[in-house]
Amino acid sequence: MIINRQEDVTDAVVDAFKNAADPRVREILTALVKHLHAFARDVHLTEEEFEKAIQYVIALGQKTTDTHNEAVLMSGSLGFSTLVCLLNNGSKGQTETTANLLGPFWRMNSPRTENGSSIVRSPTPGPVLFVNAMVQDQKGKPIEGAEVDVWHSSPEGFYEQQDPKQAPMNLRGKFMTDAQGRFRFRSVKPAGYPIPIDGPVGDLVRATGRHHYRPAHLHFLICKPGFKTLISQIYVNDDDKLETDVQFGVTHAVIGNFVRHKGAAPATDVTGEWYSLDQTFVMEPGNSRLPKPPIQ
Ligand SMILES: [Fe+2]
């Protein structure tokens, strides 16, 4: 169709997409065009702003490498990753869920680790943490034989591949749940960390007057055939940035009950202050698939 007025543009594009062979592609593209056009009308986007927006999209790609994913970071910084997560978990957004963001630092092939063992693989000063976790189905029945990847930052706020002081695979492990659906491990209490702000995400953070930190958390990825792969983060409850996470990841369901202790610990070499976390994960029926690691 020939376009006469700005009001006609949306109909012209929607009409042109109507023969898309895949109905889901048609549905998504039609809605995208309607919302995108409505957005431009809503803010009356100027030509200068449009140029800036195009440069912004280009910068997302240019900033992305094998070891850094600016697009994932941007999606998180706009709350979009959390929205998609909550729409697709907890019975498709109807109930509470421990599902959470994958983040960029998951690696395939974490070292297999015996239940109860430590994932501290090189000297890592910090408060000792004992984690006791349970994996169950929606009826509360323990799930035996689920494979659980665990990974987290050090008490200085660095993942092992960011930090020459840490051994490869430090603070990472792959566990198997036992007959009671349990897995246990020893580690150190993680710290929060800054996200990179030398690209377009940094521009967004500065323009909106926000800080660029994530609250401390442990990552989990739990797999078992017959269940939807559960990707989770459990946040440290004493972190002062829970309410202002730059990636909008924190929901009430994933604030962990980290308890501070003094005195007798589950291991005789631990003296002084230590922490424990008891955590339950609920898996939903569904497709057991592994995500694509966001970086190499
Ligand atoms: Fe993380």
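The preceding data block contains the structure.
First things first, this report covers the structure right here in the doc. Please read all numbers here as calculations on a predicted model, not as lab measurements.

The next subject is the sheet that holds strand 8 (residues 230–236). Pairing is mixed across the open sheet formed by 5 strands, whose spatial order is 3-2-7-8-9. Edge positions in the open sheet fall to strand 3 (172–176) and strand 9 (255–256), since each of these has one partner strand only. Relative to strand 7 (residues 217–223), strand 2 (residues 147–152) runs antiparallel, the two being bridged by 6 bridges. If you follow valine 148 over to strand 7, its bridge partner there is isoleucine 222.

Orientation of helix 4 (residues 70–77) relative to helix 7 (residues 200–207), taken along the N-to-C sense of each, is 20 degrees, at an axis distance of 9 Å. Between helix 4 and helix 7, the angle falls in the class roughly parallel. Helix 4 and helix 7 meet at a crossing whose hand is left-handed. For the pair helix 4 and helix 7, the contacting residues are Glu70, Leu73, Met74 and Ser77 in the first and Pro200, Val201 and Leu204 in the second. Taken together, the residues that form the contact of helix 4 with helix 7 break down as 5 nonpolar, 1 polar and 1 charged.

Before going further, it helps to spend a moment on the nonpolar core. Formed by 30 residues in total, the largest nonpolar core has its most connected members in Val150, Phe183, Phe185, Phe220, Ile222 and Phe281. Contributing elements (two or more residues each) for this core: strand 1 (128–137), strand 2, strand 4 (182–188), strand 7, strand 8 and strand 11 (273–283). With near-sequence residues (within four places) excluded, phenylalanine 220 lies in contact with Val148, Asp149, Val150, Trp151, Phe183, Phe185, Leu230, Ile231, Ser232, Ile234 and Phe281. Counting residues in hydrophobic clusters, the runner-up holds 10 residues, among them Tyr159, Tyr193, Cys223 and Ile231.

The next point concerns a nonpolar patch on the surface. On the surface, Val25, Leu29, Leu32, Leu36, Phe39 and Val43 cluster together into a nonpolar patch covering about 510 Å² of accessible area. Mapped onto the fold, leucine 36 is located in helix 2 (residues 23–43).

Protein coordination at the iron ion comes from Tyr159 (OH), Tyr193 (OH), His217 (NE2) and His219 (NE2), with a distance range of 1.9 to 2.1 Å. Around the iron ion, the 4 donor atoms are arranged such that angles at the metal cover 89 to 167 degrees; this shape is classified as irregular. Here the donor residues of the iron ion are spaced in sequence according to Y-x33-Y-x23-H-x1-H. Placement of tyrosine 193 in strand 5 (residues 193–194) and of histidine 217 in strand 7 is noted, with a sequence separation of 24 residues between them.

It is worth spelling out the state of the cysteines at this point. For the coordinates displayed, the defined rule picks out 0 disulfides. Between cysteine 223, a free cysteine, and cysteine 85, which holds the nearest cysteine sulfur, the sulfur-to-sulfur gap is 15 Å.

What follows deals with helix 4. Most of helix 4 is tucked away, with 6 of its 8 residues classed as buried. Listing the buried residues of helix 4 in full gives Glu70, Leu73, Met74, Ser75, Gly76 and Ser77. Next to the buried residues of helix 4 lie helix 3 (47–63), helix 5 (80–88) and helix 7. Remark: glycine 79 follows helix 4 within two positions and exhibits a positive phi of approximately 75 degrees.

Moving on, we come to the sheet that holds strand 10 (residues 258–262). Spatially, the 4 strands line up as an open sheet ordered 4-1-11-10, and their pairing is mixed. Whereas interior strands pair on both sides, the edge strands pair on one side only; in this sheet they are strand 4 and strand 10. Going across the sheet, the axis of each strand differs from the next one's by a mean of 20 degrees, ignoring polarity. Here strand 1 pairs with strand 11 via 10 bridges, running parallel. Bridge assignment links aspartate 137 to a residue of strand 11, and that residue is methionine 283.

Moving on, we get to helix 7. Within the span of helix 7, buried status applies to Pro200, Val201, Gly202, Leu204 and Val205. Buried residues along helix 7 sit in contact with helix 3 and helix 4. Glycine 209 occupies a position one or two residues after helix 7 and carries a positive phi of about 65 degrees.

Unusually for a residue other than glycine, lysine 92 sits at a positive phi of about 55 degrees. One can find lysine 92 in helix 6 (residues 90–93). In this structure lysine 92 comes out as exposed when scored by relative accessible area, which is 59%. In this structure, leucine 171 takes a positive phi of about 60 degrees despite not being glycine. Considering the arrangement of structural elements, one finds leucine 171 in the loop between strand 2 and strand 3. For leucine 171, a relative accessible area of 0% corresponds to the buried category.

Conventions and cut-offs
Residues numbered from 1 in each chain as written. Predicted model: local features only at pLDDT ≥ 70, side-chain atom pairs only at ≥ 80, totals over all residues. Heavy atoms only, no water. Pairing = 2+ DSSP bridges. Helix = DSSP H or I, 4+ residues; strand = E, 2+ residues; numbered from the N terminus. Axes fitted to C-alpha atoms, helices over the stretch in contact; angles between N-to-C directions. Parallel < 35°, antiparallel > 145°, perpendicular 65-115°, else oblique. Left-handed = near helix turned anticlockwise from the far one by under 90°. Contact = heavy atoms within 4.5 Å. Nonpolar A, V, L, I, M, F, W, Y, C, P; charged D, E, K, R; others polar. Core = buried A, V, L, I, M, F, W, Y, C linked by side-chain atoms within 4.5 Å. Buried < 20%, exposed > 50% of the residue type's maximum accessible area, 1.4 Å probe, protein only. Patch = residues over 30% accessible without salt bridge, like charges linked within 9 Å, V, L, I, M, F, W, Y side chains within 5 Å. Areas by Shrake-Rupley, 256 points an atom, 1.4 Å probe, with all protein chains shown as cover. Salt bridge = Lys/Arg side-chain N within 4 Å of Asp/Glu carboxyl O. Donors = N, O, S within 2.8 Å, 3.2 Å for Na, K, Ca; no water. Tetrahedral: all angles 85-135°; square planar, octahedral: opposite > 155°, others 65-115°. Disulfide = S-S within 2.5 Å.

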